[in-house]
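Residue-level structural notes
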Protein chains: 2
Amino acid sequence: MIKIAIIGYGIVGSGVAEVIRNNSSNISENAGVDIVVDKILDVRDFEDSPDAKCMTKEPNDIFENPEISIVVETIGGAGIAFEFTKRALSCGKSVVTSNKELVATHGPELLQLAQDNHVAYMFEASVGGGIPIIRPILQCLAANKITGILGILNGTTNYVLSKMRLEGKDFSEALKEAQLNGYAEANPTADVEGHDSCRKIAILSSISFGEMVDYRKISTIGISDISLADMKYADVLGRTIKLLAMSRRYDNGVYARVSPVMLPKTHSLANVEDVFNGIMVRGNAVGDAMFYGRGAGKLPTASAVVADIIDIVKHQECTKMMVWKMPKGENILDIKDFDSKWFVRLEVSNKLAALEYVEKEIGEISVVSLNGYEDELAFTTLSSKEGKLIEQIDSFADSKDISKVISKIRLY
Amino acid sequence: MIKIAIIGYGIVGSGVAEVIRNNSSNISENAGVDIVVDKILDVRDFEDSPDAKCMTKEPNDIFENPEISIVVETIGGAGIAFEFTKRALSCGKSVVTSNKELVATHGPELLQLAQDNHVAYMFEASVGGGIPIIRPILQCLAANKITGILGILNGTTNYVLSKMRLEGKDFSEALKEAQLNGYAEANPTADVEGHDSCRKIAILSSISFGEMVDYRKISTIGISDISLADMKYADVLGRTIKLLAMSRRYDNGVYARVSPVMLPKTHSLANVEDVFNGIMVRGNAVGDAMFYGRGAGKLPTASAVVADIIDIVKHQECTKMMVWKMPKGENILDIKDFDSKWFVRLEVSNKLAALEYVEKEIGEISVVSLNGYEDELAFTTLSSKEGKLIEQIDSFADSKDISKVISKIRLY
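Residues numbered from 1 in each chain as written. Chains lettered and ligands numbered in written order. Predicted model: local features only at pLDDT ≥ 70, side-chain atom pairs only at ≥ 80, totals over all residues.

1. Brief notes about the sheet that holds strand 1 (residues 2-7) of chain B
All names here are of chain B. Which entries qualify depends on this criterion: Here, strands pair whenever DSSP counts at least two bridges between them. Secondary structure counts use DSSP, requiring at least four H or I residues in a row for a helix and at least two E residues in a row for a strand, with both numbered from the N terminus. Contact between residues is assigned whenever the C-beta positions, reconstructed from backbone atoms, fall within 7 Å. To get an axis, fit a line to the C-alpha atoms, keeping to the stretch in contact for a helix; angles then go from 0 to 180 degrees between the N-to-C directions.
Reading across from one edge, 3-2-1-4-5-6 is the order of the six strands in this open sheet, with parallel pairing throughout. Every interior strand has two partners, whereas the edge strands, strand 3 (55-56) and strand 6 (121-122), have only one. Pairing geometry for strand 1 and strand 4 (residues 68-73), over five bridges, is parallel. Within strand 4, the position partnered with I4 by the bridge is I70. Each of strand 1, strand 2 (35-41) and strand 4 touches helix 1 (residues 11-22); the most contacted strand, strand 2, lies at about 155° to it.

2. Observations regarding the sheet that holds strand 4 (residues 68-73) of chain A
All names here are of chain A. Spatially, the six strands line up as an open sheet ordered 3-2-1-4-5-6, and their pairing is parallel. Since the sheet does not close on itself, it has two edges, and those belong to strand 3 (55-56) and strand 6 (121-122), each with one partner. Pairing of strand 1 (residues 2-7) with strand 2 (residues 35-41) involves six bridges; the strand directions are parallel. Considered in strand 2, the bridge of I2 is made with I35. Of the strands in this sheet, strand 1, strand 2 and strand 4 are in contact with helix 1 (residues 11-22), which crosses strand 2 at around 155°. Running at roughly 160° to strand 5 (residues 94-97), helix 12 (residues 298-314) makes contact with strand 1, strand 2, strand 4, strand 5 and strand 6 of the sheet.

3. Observations regarding the interface of chain A and chain B
Where interface size is quoted, it is often the accessible area lost as the parts come together. Filter applied, for reference: Each residue gets one of three labels, nonpolar for Ala, Val, Leu, Ile, Met, Phe, Trp, Tyr, Cys and Pro, charged for Asp, Glu, Lys and Arg, and polar for the others, Gly among them.
Of the residues lining the interface, 46 residues belong to chain A; the matching set on chain B comes to 46 residues. Every element with two or more residues in the side of chain A that touches chain B is listed here: helix 2 (24-31), helix 6 (134-140), strand 12 (287-294) and helix 12 of chain A. In terms of residue class, the side of chain A that touches chain B is built from 22 nonpolar, 15 polar and nine charged. Here strand 12 of chain A pairs with strand 12 (residues 287-294) of chain B via five bridges, running antiparallel. Looking at the pairing, A:Y292 lines up with B:M290 of strand 12 of chain B.

4. Some details on the environment of B:E185
Structurally, B:E185 is set in the loop between helix 8 (171-180) and helix 9 (189-192). As a C-alpha pair, B:E185 and B:G387 span 202 residues in sequence and 34 Å in three-dimensional space.

5. Focus: the relation of the copies chain A and chain B
In plain terms, the rule: Only residues with pLDDT of at least 70 in both copies count here: their C-alpha atoms drive the least-squares fit that superposes the copies.
Of the transformation superimposing chain A on chain B, the axial component is 0.0 Å and the angular component is 180°, with the fit at an RMSD of 0.0 Å. Here the two chains are linked by the operation of a two-fold rotation axis. Closest to the rotation axis within chain A is the C-alpha of A:F291, separated from it by 2.5 Å. Here 100% of the contact residues of chain A are again contact residues in chain B; the copies associate through an equivalent surface.

6. Looking at the pairing of strand 11 (residues 276-283) of chain B
Residue and element names in this part refer to chain B. To be explicit about the condition: Residues with at least 20 other C-beta atoms within 10 Å of their own are called buried, those with 12 or fewer are called exposed, and the rest are partly exposed. The C-beta atoms themselves are positioned from the backbone.
Counting buried residues in strand 11 gives seven out of eight residues, a clear majority hidden from the surface. As judged from the six bridges shared by strand 7 (residues 146-152) and strand 11, these two strands associate in the antiparallel manner. Looking at strand 11, one finds that I149 is bridged to V281. As judged from the eight bridges shared by strand 11 and strand 12, these two strands associate in the antiparallel manner. For V281, the partnering residue across the bridge sits in strand 12 and is A289. If you look at the hairpin formed by strand 11 and strand 12, you'll find three residues sitting between the two strands.

7. Quick look at the environment of B:N158
Residues and elements named next belong to chain B. By the element assignment, N158 lies in helix 7 (residues 155-167). N158 sits in the buried class, given 27 other C-beta atoms within 10 Å. Residues N158 and V275 lie 117 residues apart in sequence; the distance between their C-alpha atoms is 6.0 Å. The contacts of N158, once residues within four sequence positions are left out, are I152, L243, V272, D274, V275 and F276.

8. Let's talk about helix 4 (residues 80-90) of chain B
Because the α-helix completes a turn every 3.6 residues, residues three or four places apart line up on one side. Residues and elements named next belong to chain B. Under the convention used in this document: Note: the arc covers the axis-to-C-beta directions of the helix.
Among all positions in helix 4, only A81, F84, T85, A88 and L89 are buried. Taken down its axis, helix 4 places every buried residue within 130° of arc, on the same side. Backbone geometry just downstream of helix 4 places G92 in the positive-phi region, at approximately 80°.

9. Some words on the packing of helix 1 of chain B against helix 12 (residues 298-314) of chain B
Residues and elements named next belong to chain B. How we decide: If an angle is under 35 degrees, it is roughly parallel; if it is over 145, roughly antiparallel; if it lies from 65 to 115, roughly perpendicular; otherwise it is oblique. Rotating anticlockwise by less than a right angle from the far helix to the near helix defines a left-handed crossing, while the corresponding clockwise rotation defines a right-handed one.
The geometry of helix 1 relative to helix 12 is characterised by a closest axis approach of 8 Å and an angle of 70° between their N-to-C directions. Here helix 12 runs roughly perpendicular to helix 1, going by the angle between their axes. Remark: the crossing between helix 1 and helix 12 carries right-handed chirality. Here helix 1 contributes I11, V12, G15, V16, E18, V19 and I20 to the contact with helix 12, which in turn contributes K298, L299, T301, A302, S303, V305 and V306. Class assignment of the residues belonging to the contact of helix 1 with helix 12 gives a composition of nine nonpolar, three polar and two charged.

Purely geometric stuff here, so don't read any function into it on its own.
Take a look at the structure:
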């Protein structure tokens, strides 16, 4: 019998206990041994919980308990979770987590600490909720050189965008509905501004490319500026707006970014709706492989945590760890140096004059018309070096015929 | 250094050699050791091949070579491939294959033989080409009770159906194009009649449910009877025709079948086009997870084979095998006992009389009209026990007003 401990009895932590309880016979069969939750650390009281008998407020009940070999960290954040994780690994206990912030921030250090102590640090649940993605990249695509990743990695923002597009709700209305349904937190900044997607693409890029991709250096734009009118324009263009996280490996570094894009409706990720996530991985032998499913939620995320636990149990004698190296120098390329094309909306006083001005500034464009928005000038640009192009677009408002850049969204 | 041998230098076998050659540094890093192809067995000559120096016609160069620890079997079929696989396993060599026919037919026996010899028998490439699916089910979803699988598992038939729907080609024309493009074999029966999908769903079901699902007992219908008119009717119904393989686990057995279905266009698998495969796996914790990618082809399939090789190399000291048990009795449930609903087209002499007759026989139906097909009677049925319903539909031609059942396709 393998005894485990859970630190943090929130949504995911209690889900892990629930999955282990409900699927015990399946889990025993797959792991080859019984797995039981022995201790759960949380500062709160849970007297009526089915796990009440395991609850403790004393960390040493876990760290100094030699019978506990695996610790599940589901506190979140990079504060106390970091301390507890280091302590567990140092005590020779493997750690499994869904904590993307901690992995994205301290991954290399914790993986090294695990290796030094001959235990494992695993985090399948940190990206894509229950969708298998980290293990497939590391194992199933191990024969490939991974060259790129493209994903809808955040369920909250995808839900909001789906509601806007399909039900004509505006951003704040759709966000409120997401909060009411438990899909968005009271403070939705991390989701809405793209920080959550940014941490996840950093983790996926680090494991795929074999060296640390620092999330703090990834250009990140969220969806809070996306309006219903933008959605309608996208529709006219045969596109749909998605918050896309992407990274590509080049010989001299990594091109990575998180931003809303107008995606062609025929793209495989265009049909990923609601709280679902979709992740495409490109390998030089396999081509494109896509993984799709619920990117969050109690039981799906717990499913991924427990899969890691089973993996550790099955391979106790031969845990060979993945470690991503620290880059030798700056490895994040400047997105300004890459070509991109954009959809732009301008508030204008004289449409014809504005059009002439824009064409003089940036050359050929395609004007887009939308019923009810005849007063503004909307267009798509050709592909051009992003740094200069964006500078030019931002300077349009200096023209006497253009009062404002209403929005600009990248075309994928 | 790990030396491997390849038996059968066809599309997949030569792809394995190519991937190992081209991605050697990635593979060495992931495996922790160099992997080289030492011998390739084939009765044919390949003097100009980059692998010419490895070629042999003498099986003992492999089986009696103690330096070779892993054998890749890419001959196909359940004849000589079966003999070679048994011999390799008995000699203490792990075997990796893409041979779905052999796995579906002799899987349990070969897995047992591998276990007895403390080696591995792995076949990720047997289903879904390069798409990770077997390892994700066994490892990433190990915390789940898997309750069902739904998949487009054959790229050839999906290509044919896509060409019919999108380009208005008829079945034989689309099939010819598939053959010209190398997507269908000269004798396309195994693909077109659903046998290939049947073996694949049998393998996925066996590993997911933990006991042998015998492909010979799975009801299988192919796509050779699907016409362009059927496609157009599907479109009117907001559906698309796909060859779907499915299985569901019940307390008393497994419901499994392969057949063309009319799938709602909003279904996640409806947008899987051309030679791509899509596989949905339902687990009681994760919900639905979908895997998507190129279901066949030289390098994608080789990618999956090499992933198995790396897995064996990394876990040599602790290969814990999956084995699926033989069922205690008959475990395939009779599809006739389950409810289903159908789309039906009838050739009629008197449409009104035929309609009255049909409604008297099977109750409420929804008539479907298609421009240019006003003479026939087309409709969808309500859901009803399949055995009786199909019997009734097949007997329609006994009525004096109905001359023929033109087609019947299940609605999903």
